[in-house]
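Structural overview for review
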Amino acid sequence: MRRRVWAATCVTAAVIGGTLLACTDTEGGAVDVPSPSITSPSPTPTPTPTPTPTPTQRVVPQSVTVAGTVVGELEVPWGLTFLPDGTALVAERDSGTVVAVRPDGGTSVAGVVPGVQASGEGGLLGLATSPSFGTDRFLYAYFTGGSDNRVVRMTFDGNGFGEPEPILTGIPKGGIHNGGRMAFGPDGMLYIGTGEAGDRPLSQDLDSLGGKILRVTPDGGVPPDNPIAGSLIWSYGHRNVQGLAFDSQGRLWASEFGQNTFDELNLVQRGGNHGWPLVEGPSTDPRFVAPAESWPTSEASPSGIAIVDDVVYMAALRGQRLWQIPIEGNGVGPARAFFTGELGRLRTVEPAPDGSLWLATSNRDGRGDPREGDDVVLRLTLA
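From a predicted model like this one, the values you see are computed outputs, not experimental measurements.

What follows is about the overall build of the chain. Helix and strand counts for the chain stand at 1 helix and 27 strands. Carbon and sulfur atoms make up 51% of the accessible area of the chain, which totals about 14,100 Å².

Okay, here's the thing in structure tokens:
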């Protein structure tokens, strides 16, 4: 496996100001499928109004700087999670390999997830560390298999993975729109973003796991307080969710690929219908939850997001930039872009234990222009 740790360099990011309207279709290539006839599902769960958070004083960082390259020559890094000791685990989408990056900078192969069948946008996608990792040693992985997308959990003792235990199967798979991001919430539940696998009606189908944000117990069960009794669905009407993160109020935010007009950043509502494929981007239709912000395809194709001090950082694939979006009440303030065109396609961003951000490129995913040393995980500092 070709891989090496890079010496740290420091590059100051260019900043672009302004608020933008926008969108995209898949991960950066236009796929225009004829619109089917769709009927809204019935019954439709009533979204719970989002409470207005208590105003807080915060300073939005004015610069985001590359402090160094953590690890390079990766094969399409996708999932990224940190263990309690500061070790980072990075998932390679196409190889199914998980790379461990120790706090001292050393790297090794943590293991290979069995059953991964990578094709199109599918493969080994999101990773999540159990909130009880110190006692249960569980690592969660979302991947594309032979017949579906699924979530498994495996023990990890630092020397390899235990036998994967499927906790959720039957998520629709396709050449596009496989979702894949996971995040544990402050409530201890696991939230999972899925895609509609190119089959648009699935997003509005409450009997399908496709085009949804799912909320499951750590062992894959249905939480009793989910909005639809007996269902894993937390929200629906999504096209392809690849970014999930929680703010200081415990509210869930999600990034989402649009079709050809608008990509979205959403403040997710419990039981809410976020509209796809009946609406894309801004909407005044009371049936649907309108996005907090939208972007054009040329400036976004958003994948991973991170929230630090109630500021969203959103990695853009086709847009080839890192968006900084401050949360203001139930909405957002003006967005700014960093690294526009400098690093190529950006897939994943995660907050590190030391207060930095780690950012993964995706230039070897079949839609990018690989550079020497790609793909890389970078360490960013905020000031």
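On to the environment of aspartate 247. Structurally, aspartate 247 is set in the loop between strand E16 (241–246) and strand E17 (252–256). In sequence terms aspartate 247 and leucine 267 are 20 residues apart; their C-alpha atoms lie 10.0 Å from each other. A distance of 2.9 Å separates a polar atom in the side chain of aspartate 247 from the backbone nitrogen of glutamine 249.

Of all 7 residues that make up strand E10 (residues 149–155), 5 are buried, and the element is covered over most of its length. In this antiparallel pair of consecutive strands, strand E9 (residues 138–144) and E10, the connection spans 4 residues. Pairing of E10 with strand E11 (residues 165–171) involves 4 bridges; the strand directions are antiparallel. Considered in E11, the bridge of valine 152 is made with proline 166.

A few words on the confidence of the model for the chain. Overall, the prediction assigns the chain a mean pLDDT of 89, with 85% of residues at 70 or greater. Below a pLDDT of 50 lies the segment residues 4–25, which in the model reaches 102 contacts outside its immediate sequence neighbourhood of four places, other chains included. In the predicted structure, residues 29–55 sits below a pLDDT of 50 and forms 51 contacts with residues beyond four places in sequence or in another chain.

Rules and cut-offs
- Residues numbered from 1 in each chain as written.
- Predicted model: local features only at pLDDT ≥ 70, side-chain atom pairs only at ≥ 80, totals over all residues.
- Heavy atoms only, no water.
- Helix = DSSP H or I, 4+ residues; strand = E, 2+ residues; numbered from the N terminus.
- Areas by Shrake-Rupley, 256 points an atom, 1.4 Å probe, with all protein chains shown as cover.
- Polar contact = N/O pair within 3.5 Å; in protein donor to acceptor, adjacent residues only side chain to side chain.
- Buried < 20%, exposed > 50% of the residue type's maximum accessible area, 1.4 Å probe, protein only.
- Pairing = 2+ DSSP bridges.
- pLDDT = per-residue confidence, 0-100.
- Contact = heavy atoms within 4.5 Å.

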